[in-house]
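As a plain string of letters, each chain reads:
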Amino acid sequence: MKRDWADDMTAGLNDEAPHPVDGSIVTSAMDYPDGHIVPMHRHACAQLLYAAKGVMTVDAAAGRWIVPPGRAVWLQAHVDHRICMHGEVELRTLLLDVDAAMARQLPARSCVLNISPLLRELIAAVHCNPRADNGARRNWHMLQLLLHELGSVTVLPLYLPLPLAARLRSLCELLMATPGKQVTIETWAGQLGISTSTLHRLFLSQTGMRFGQWRQQARLLLALEQLARGGKVAAAAQNQGYSSQSAFSAMFRKHFGSTPSAFYR
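Residues numbered from 1 in each chain as written. Predicted model: local features only at pLDDT ≥ 70, side-chain atom pairs only at ≥ 80, totals over all residues. Heavy atoms only, no water.

So, about the overall build of the protein chain. Along the backbone of the protein chain there are 10 helices and 10 strands. A sequence separation of at least 24 residues applies to 72% of the contacts in the protein chain between residues at least 6 apart. (Helix = DSSP H or I, 4+ residues; strand = E, 2+ residues; numbered from the N terminus. Contact = heavy atoms within 4.5 Å.)

This is the structure:
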């Protein structure tokens, strides 16, 4: 049911790499240093990237996911993506071959998942895979339970959609590079040579979010990255353009249900 691949840091990075068949799982357990980047690649099947330790950002054409420790990103098959490590990362990867019936249990889109204690133990179990008697039947039952759990855990708001239109994408990249810069939407629209209403309309059609919502989401996710690298809450608030640490903490709690200082505990 399960085959191991982790011979080197580039194993399993594309459609030609080993992949599961007939309801099987291919697993990998890799440790990465801070700042390591796994270049753009894809898989022919769905995968779960679980951060046992450290923080990952996963970039795709349509957006970015941030994956805190103890959480995971679920990626649909054939999604081109790049992974960047923040802090030392212990990455556990599951590549899953699922049929149509199994697929109905799973998340319908790529997303970040809040891994339950049971699911965490199931991930560990399929990696360890003790070869006991009747192991194949045991593994089959573990896989069914793992798939069921994947479809029932909470999806976290840790995704930042990115526009495909070149001008808007350049604007988004600039906003992410200078999140604390206090520039009005009227100024940004003027730099693009369009009206404010057109910029609002384009942002909504390209990202599904209003400009202000997107900028707030970007700032919060960038703050998560900074905190993951050991940054102080006050510095994160200042760098993201908040007027005070208390204002930042209130917005953080409203969005993530936790204070910044408690989020990574």
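The topology assignment puts R215 in helix α7 (residues 211–228). E186 provides the closest opposite charge to the buried, unpaired R215, separated from it by 7.7 Å. A polar contact is formed between the side chain of R215 and the backbone oxygen of V183, at a distance of 2.8 Å. Those residues in contact with R215 that lie beyond four places of it in its chain are L175, V183 and W188. (Buried < 20%, exposed > 50% of the residue type's maximum accessible area, 1.4 Å probe, protein only. Lys, Arg positive; Asp, Glu negative; His and termini not counted. Salt bridge = Lys/Arg side-chain N within 4 Å of Asp/Glu carboxyl O. Polar contact = N/O pair within 3.5 Å; in protein donor to acceptor, adjacent residues only side chain to side chain.)

Now for the packing of helix α4 (residues 166–177) against α7. Interaxial distance between α4 and α7 falls to 10 Å at its minimum, and their mutual angle equals 45 degrees. When the interaxial angle is binned, α4 and α7 end up oblique. Handedness of the crossing formed by α4 with α7: right-handed. In this structure, α4 uses L171, C172, L175 and M176 to contact α7, whose residues at the interface are F211, W214, R215, A218 and L222. Tallied by class, the residues present in the contact of α4 with α7 amount to eight nonpolar, no polar and one charged. (Axes fitted to C-alpha atoms, helices over the stretch in contact; angles between N-to-C directions. Parallel < 35°, antiparallel > 145°, perpendicular 65-115°, else oblique. Left-handed = near helix turned anticlockwise from the far one by under 90°. Nonpolar A, V, L, I, M, F, W, Y, C, P; charged D, E, K, R; others polar.)

A few words on the confidence of the model for the protein chain. Considering every residue of the protein chain, the mean pLDDT works out to 84; 86% of them sit at 70 or more. Long-range and interchain partners of residues 1–13, a stretch whose pLDDT sits below 50, account for 40 contacts in this model, where long-range means more than four residues apart. Low pLDDT (under 50) marks residues 130–134, which in the prediction has two contacts with non-local residues, meaning those over four places away or in another chain. (pLDDT = per-residue confidence, 0-100.)

Next up on the list: unusual backbone geometry. Look at H78: it is not a glycine, yet its phi comes out positive at around 65 degrees. Looking at the element boundaries, H78 is found in the loop between β6 (71–75) and β7 (81–96). For H78, a relative accessible area of 43% corresponds to the partly exposed category.

Two faces, one strand: in a regular strand the side chains alternate between the faces of the sheet. With five of five residues buried, strand β5 (residues 63–67) lies mostly within the body of the structure. In β5, alternate side chains face the same way, and those of G63, W65 and V67 on one face and R64 and I66 on the other are all buried. Relative to β5, strand β4 (residues 46–60) runs antiparallel, the two sharing five bridges. The partner of T57 across the bridge, within β5, is I66. Taking the residues that link successive antiparallel strands as the turn, the β4-β5 hairpin has two residues. (Pairing = 2+ DSSP bridges.)

Next up on the list: α7. Between its terminal C-alpha atoms α7 stretches 26 Å, which fits the 26 Å expected from 18 residues at 1.5 Å a residue. The buried fraction of α7 is high, at 14 of 18 residues. With its phi angle positive at about 95 degrees, G230 sits one or two positions after the end of α7. (Expected span 1.5 Å × (residues − 1).)

Okay, the side chain of S258 next. As for its placement among the helices and strands, S258 is situated in the loop between α9 (245–256) and α10 (260–263). Overall, the relative accessible area of 14% leaves S258 in the buried class. One polar contact links the side chain of S258 to the main-chain amide nitrogen of F263, over a distance of 3.5 Å. The residues contacting S258, other than those within four sequence positions of it, are F252, R253 and F263.

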